[in-house]
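An overview of the molecular structure
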Amino acid sequence: MGPCFRKDDEGRGGVTTTTHHSSKPAAFGRRLVIAIPYLWLAVFFLVPFLIVLKISLSQTAIAQPPYTPLLDLSGGLAALKDFLAALSFDNYALLISDPIYLLSYLRSLSIAIVSTALLLIIGFPLAYGMVRASRAAQAILFMLVVLPFWTSFLIRIYAWKNILEREGPLNQILVVLGIVSEPPVWLSTDSAIYIGIVYTYLPFMVLPIYATLEKLDQTLLEAAADLGCPRWKTFWLVTLPLALPGVLAGSLLCFIPIVGEFVIPDLLGGSENLMIGQTLWVEFFGNRDWPAASAVAVVLLFLLTAPIVIYQHVQARELEGGR
Amino acid sequence: MRRASWFNLVSIALGLAFLYLPIAVLVIFSFNASALVGVWGGWSTRWYAALLDDPDMLDSVSISLRLAALSATLATILGTLGALALVRGGRFRTRVLFSGLTYAPLVMPEVITGLSLLLLFVALDIDRGFWTIAIAHTTLIMCFVTIVVQARLLGFDRDLEEAAMDLGCPPVRTFLTVTLPLIAPAIASGWMLAFTLSLDDLVIASFTTGPGATTLPIRIYSQVRLGVKPEINAICTIIIALVAVTVVAASLITKLASQRERAVPLAAQV
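Residues numbered from 1 in each chain as written. Chains lettered and ligands numbered in written order. Predicted model: local features only at pLDDT ≥ 70, side-chain atom pairs only at ≥ 80, totals over all residues.

**Notes on the overall build of chain B**
Counting secondary structure elements, chain B contains 12 helices and zero strands. Moving toward the C terminus, one meets the helices and strands of chain B in the order α-α-α-α-α-α-α-α-α-α-α-α. In terms of overall dimensions, chain B has a C-alpha envelope of 70 × 60 × 35 Å along the principal axes. The proportion of buried residues among the 270 residues of chain B is 49%. For chain B, the share of sequence-separated contacts (at least 6 apart) that also reach a separation of at least 24 residues comes to 78%. (Helix = DSSP H or I, 4+ residues; strand = E, 2+ residues; numbered from the N terminus. Buried ≥ 20, exposed ≤ 12 C-beta atoms within 10 Å, placed from the backbone. Contact = placed C-beta atoms within 7 Å.)

Now the structure itself:
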């Protein structure tokens, strides 16, 4: 409903006066359009984080719900004082004192870094190959890369459980080809986690890179070739730098959720070293220690703030800037 | 200059094989007469028959389908409004916060979103179950709709709307008769994307569920944790087939709409 407004402003000098009569309801309408989704996100996305923050600072209690109550504003200033006095950093002290948490965070970060690198190594050539295909083939390839993204994530991870079984198809093929003599154990290993992550996140890496390569001005490459630049050098000096925004968007789109990943390590990985998403899950569902789980979430969110902010910047520019 | 080298072809072939072989294996095993993975006992549909005798599983299917339809619809309404606010809302104050809130659920680890929503429901003393999952899913998936619709809003010719309003068409009517038909394909594919995302979610549903609201992913997860089960292969194959049909339908709709695009200037004269 914005256009109506713009017309109004532009038309102030003379020609267009037609929309004048509707400017008041339009302003109301415009506010409503903004307010409804805004309010929803504020109530169900922003406020919950504040509650997590609050609960991470409260004591664990053996009750239902298992933490000391929230701030009761009806109590006035005295209640606020009690509330502040009751805040405790015990849960954060726990995170530091017990090495389990630190190890979980480090493990999650290192798995996320390695898998993002693997995704780049596999995803970039795939995206590059797609761009070089003919127009008709590109549409089909694009569809083929997107399709698995629509298919259930849980199902695709579960599919790998079939394949990686000790007597499963992968080992059968490896044995038949004579690559291994004894079928190796795949499930409950880190290799299985990496396979699962790379498999699930590959479309998220390929699509942003494809989108930037697709927009790349072909005449630049022709110019480089005309000037006698070898192909590998053109790739290194022209294609790669221009593809960087896509590489960055894809890497962040993969890296951030991988750090908090739960399903993949839980179904494919072992039970000894947990990723932080699993630790949070166990803390919450297993130990029923809600304040500790909240503290784990707050620290995780804090670690991811910088990548999330950079990602949003890239995303907003990608969607709004290019036109 | 568009020339695919051997290297290009090989990377495409390997990439696609990696994406599709596991799904193919799953589908094939769902027809395996033997209960053991890796032992081929001939073709059979016994696991599909077994599904029909499992009332709990059928119950979960029905819950998940209703849940996905409801939250996809809510998310589509909210997400479309969000896209309109971002593209047509002008420079309102706190716009940065709004766009931040819009894109953040896209990358936020699910364990954090799930935990925080659960704590909200507990703080508000809301009984958990079908409706709390619906709210959680709507929140999670509306950003996907926003992105799809936003791309479409940015992509079409704004002169059409302005022409309608110059001719005295009130803004609400302009929206309903000009803007909405133009963004309808994006809204439709946004809805379908939202539907499949809700159908798929395990983590957030696990946090926000309550008694009597065991969604399909929660039930599948509780069974596959212990190992591979042929019945699960069968239900997964059915879901994959459903999703494939939906996606192909969605892409056909988009294609038809973009063909009709060229006829739009004519329609605008009416």
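**A word on the packing of helix α4 (residues 95-107) of chain B against helix α6 (residues 130-155) of chain B**
All names here are of chain B. For the pair α4 and α6, interaxial distance at closest approach is 8 Å and the crossing angle is 110 degrees. Overall, the two elements α4 and α6 adopt an arrangement that is roughly perpendicular. In terms of crossing hand, the pair formed by α4 and α6 is left-handed. Only T139, L140, C143 and T146 of α6 make contact with α4, whose side of the interface consists of T102, Y103, P105 and L106. The residue inventory of the contact of α4 with α6, partitioned by class, reads five nonpolar, three polar and no charged. (Axes fitted to C-alpha atoms, helices over the stretch in contact; angles between N-to-C directions. Parallel < 35°, antiparallel > 145°, perpendicular 65-115°, else oblique. Left-handed = near helix turned anticlockwise from the far one by under 90°. Nonpolar A, V, L, I, M, F, W, Y, C, P; charged D, E, K, R; others polar.)

**What about the environment of B:S99?**
All names here are of chain B. Within the element layout of this structure, S99 appears in helix α4. When the 20 C-beta atoms within 10 Å are taken as the criterion, S99 is described as buried. Along the sequence, S99 and R225 sit 126 residues apart, while their C-alpha atoms lie 38 Å from each other.

**With respect to unusual backbone geometry**
Backbone geometry places A:R288, a non-glycine residue, at a positive phi of 50 degrees. As for its position among the elements, A:R288 is in the loop between α13 (276-286) and α14 (290-320). Even without glycine at this site, B:D125 takes up a positive phi of about 60 degrees. As for its placement among the helices and strands, B:D125 is situated in the loop between α5 (110-123) and α6.

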